[in-house]
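Secondary and tertiary structure notes
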Amino acid sequence: MSERPSLWLPVTLTLTSAASMALEIVAGRALAPYVGMSLYSWTMIIAVVLAGLSLGHWLGGWLADRSSAPRAWVAWGLAGAAIATALSLPALRWVEPFALGSGPVGHVGSLALAAFFLPSALAGLLSPLLTKMALDASPAGRHGRVVGRMFALGAFGAILGTLFAGLVLISWVGTAGSVMIITLCYAGLAIVFFSGAGRVTGVLLVGIFAMLGTFGPQSFLQAASCYRESAYFCIRIDHATFLGRDAGVMALDHLAHGVNDAADPKLLLTPYVHGVDEILRLRSGNVPPRAFFIGGGAYSLPRAWAARWPEAKLLVAEIDPLVTRTARNELWLPDASNLDIVHRDARTALHKLPPEVTFDVIFGDAFHDISVPQHLVTDEFHAHLAARLRPRGAYAMNVVDKQRSPRFVLSLAQTLRRQFAYVELWLDLEAIQPGEARTTWIVIASDRATPSGEVRSSYGFERRWVQVPLDAMIAEVGADQLVSLTDDYAPVDRLLGDLLLSNALTE
């Protein structure tokens, strides 16, 4: 390196900038199994990473002025960044039990701070030191050009790391593998800068690689709990006995999305999916529907309807092909002739259908606790849904919110009323509890009311669902506390913020 400083210094700056931004992208996926993916999580991740980089830049500049051996500080900074990056994911698991009571923002912030502040600070330390070394090695009269080149390469590296992590790393090697590759990048550069240091180098390398060998991704990283990891979700599958039946559970990030019975596809184990099925069949008179599903997940309801009605026409828009593949391989989703699947965002998929294509039922099943795609709850999207429904058709969805004063559910219902004559809220009777308990609401929007305010199960487990008076709930909460959801303004995360504290794997 001493023979080619003009090459190694900009290369190192580019790679360390890429590594720091790659870790920022990976941080979003790393937090997802704990808190989902939300505006809160990305806001806190970006803030923590920028805070770490800022502190690192300040310390690096201070060291660059006062140290006669900046190369040694770069070497130790790289070694520290390697160790801190390797420990970032286990840090999430260690800190998470102590972060539960700190509120939604505090919860996400404390996790991000514990895992990603130190790696970012150590990465930020390097830029001023490397720039100072490049200035010292450059002839007089070229300092401005050197500074500009180093700034440009740092920005280029940040772009490179962002694209590489988001488009390649996470999709191909997962969160744990991505963290290990970033760690090895820092460690490899540390070796270069420690070259010629004799025993120090040997001790450092033995320490880093012994740690990586002891704490491999399959032994201690949270991401190893994923059955599969895609660009969208950490997918987990658990085969177990559920309500006395052999079943498979699919969890996406930190929340169970669905449970499928192994033997009987028409037996719906989760009460809210069962409730949607019973309410919609009551409304339609058990006639085979033409249906559009917003999200597939475990495919519990599409699987049940495909088995019950061979003559039905079912179309599912599931954004993640790996979710579909996992449902086929692990949750007994058949390759049925009456079930078509497109791997595309539901709003885009619906928009691309010919104008004459309409449906008897549209079912929204793309919400994951606080992780609600905002573009799927707006008045503009509801207008598109209403135009796609046939007369007497219904739009149904399940939404997680508080049982008492559910501001998001009520805001959603008020927004739906702008496009639909009737909007109904339903609850599983056994799930009704006093206080602020979380629950899964069933929302029905249509041009006509459901014939009854109470529905009893006609197949499977004995259950009852009751309609909750919407106007009375709005009056209790206060209409001024609700928000009209639009493409321009849909503060879903704020309305659902309290639910972030509940990170169990089942609803």
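Residues numbered from 1 in each chain as written. Predicted model: local features only at pLDDT ≥ 70, side-chain atom pairs only at ≥ 80, totals over all residues. Heavy atoms only, no water.

Another aspect to go through is the overall build of the protein. Counting its secondary structure elements, the protein contains 16 helices and 13 strands. For the protein, buried positions account for 56% of its 507 residues. Across the protein, contacts joining residues at least 24 apart in sequence account for 75% of those joining residues at least 6 apart. (Helix = DSSP H or I, 4+ residues; strand = E, 2+ residues; numbered from the N terminus. Buried < 20%, exposed > 50% of the residue type's maximum accessible area, 1.4 Å probe, protein only. Contact = heavy atoms within 4.5 Å.)

It is worth spelling out the sheet that holds strand S2 (residues 234-242) at this point. Overall, antiparallel pairing links the four strands, which are arranged S1-S2-S3-S4 in an open sheet. For this open sheet the edge positions go to strand S1 (228-229) and strand S4 (255-261), each flanked by a neighbour on one side alone. Across six bridges, the pairing between strand S3 (residues 245-252) and S4 is antiparallel. Bridge assignment links Ala247 to a residue of S4, and that residue is Asp261. (Pairing = 2+ DSSP bridges.)

Counting through the fold element by element, Ala256 comes out in strand S4. Under the relative-accessibility criterion, Ala256 is labelled buried at 9%.

Before going further, it helps to spend a moment on the pattern of salt bridges. Under the defined criterion, the tally for this structure stands at 15 salt bridges. Residues Lys266 and Asp264 are paired through a salt bridge, measuring 3.8 Å at the closest nitrogen-oxygen approach. In this structure Lys266 comes out as partly exposed when scored by relative accessible area, which is 26%. Between Arg281 and Glu278 there is a salt bridge, and its shortest N-O distance comes to 3.3 Å. Taken together, the positions of Arg281 and Glu278, both in helix H9 (residues 271-284) and three residues apart, correspond to about one turn of that helix. Pair check on accessibility: Arg281 and Glu278 agree, each one buried. Each of Asp277, Glu278, Arg281 and Arg308 takes part in one network of salt bridges that share partners. (Salt bridge = Lys/Arg side-chain N within 4 Å of Asp/Glu carboxyl O.)

Right, let's get into the environment of Gln433. Along the chain, Gln433 turns up in the loop between strand S10 (422-428) and strand S11 (438-446). Placed 30 residues apart in sequence, Gln433 and Gln403 show a C-alpha to C-alpha distance of 7.7 Å.

Next up on the list: unusual backbone geometry. As a rule of thumb, non-glycine residues mostly have phi less than zero, and peptide bonds are mostly trans rather than cis. Phi is positive for Tyr299, close to 60°, though the residue is something other than glycine. With relative accessibility at 1%, the residue Tyr299 sits in the buried group. Residue Trp332 is not a glycine yet carries a positive backbone phi of 65°. Inspection of the secondary structure assignment puts Trp332 in the loop between helix H11 (321-330) and strand S7 (339-342). Residue classification places Trp332 among the partly exposed residues on the basis of a relative accessible area of 32%.

This paragraph deals with the nonpolar core. Within the largest apolar cluster, 57 residues are counted, with the highest numbers of intra-cluster contacts made by Leu31, Val74, Leu78, Leu92, Leu130, Tyr186 and Phe193. Sorting elements by how many residues they give to this core places helix H6 (residues 143-194) first, with 14 residues. Once residues lying within four places of it in the same chain are set aside, the contact partners of Leu31 are Gly36, Ile45, Leu92, Val108, Leu111 and Ala112. One finds Phe292, Leu315, Tyr395 and Leu416 within the second-largest nonpolar core, a separate group that totals 47 residues. (Core = buried A, V, L, I, M, F, W, Y, C linked by side-chain atoms within 4.5 Å.)

Taken N-terminus to C-terminus, the directions of H9 and helix H10 (residues 300-308) make an angle of 45°; their axes are 10 Å apart at the nearest point. With respect to H10, the axis of H9 lies oblique. In the crossing of H9 with H10, the sense of the turn from one axis to the other is right-handed. Here H9 contributes Val273, Val276, Asp277, Leu280 and Arg281 to the contact with H10, which in turn contributes Ser300, Leu301, Trp305 and Arg308. Considered class by class, the residues forming the contact of H9 with H10 number five nonpolar, one polar and three charged. (Axes fitted to C-alpha atoms, helices over the stretch in contact; angles between N-to-C directions. Parallel < 35°, antiparallel > 145°, perpendicular 65-115°, else oblique. Left-handed = near helix turned anticlockwise from the far one by under 90°. Nonpolar A, V, L, I, M, F, W, Y, C, P; charged D, E, K, R; others polar.)

Let us look at the packing of aromatic side chains. Under the defined criterion, the tally for this structure stands at six aromatic pairs. Each ring, one from Phe292 and one from Phe359, has its centre 5.5 Å from the other, and the planes form 45°; the classification is tilted. In this pair, Phe292 sits in strand S5 (residues 290-294) while Phe359 sits in strand S8 (residues 359-364), placing the two residues 67 residues apart along the sequence. Every member of this aromatic cluster is reached through a ring pair, and the members are Phe293, Trp305, Trp309 and Phe363. Residue placement shows Arg308 over the ring face of Trp309; its charged tip is 5.3 Å from the ring centre. (Phe/Tyr/Trp six-rings, centres within 6.5 Å; stacked < 30°, edge-to-face > 60°. Lys NZ or Arg CZ within 6 Å of the ring centre and 35° of its normal.)

As a further point, take the pairing of strand S13 (residues 464-468). For S10 and S13, the ladder comprises four bridges, and the chain directions are antiparallel. Paired with Leu425 across the strands is Val468, a residue of S13. Note that strand S12 (residues 454-456) and S13 share three bridges and pair antiparallel. Bridged to Glu454 within S13 is Val466.

Let's shift gears to the confidence of the model for the protein. Residue-level pLDDT values for the protein average 87, and 88% of them are 70 or greater. Every residue in residues 217-224 scores below 50 in pLDDT, and together they form 22 contacts with partners more than four places removed in sequence or on other chains. Across residues 502-507, where pLDDT falls below 50, the model places 21 contacts with residues more than four positions away in sequence or in other chains. (pLDDT = per-residue confidence, 0-100.)

Topologically, Ser17 is positioned in helix H1 (residues 5-35). According to the relative accessible area criterion, Ser17 is buried, its value standing at 13%. Apart from residues no more than four positions distant in its own chain, Ser17 is found in contact with Gly154, Gly157 and Ala158.

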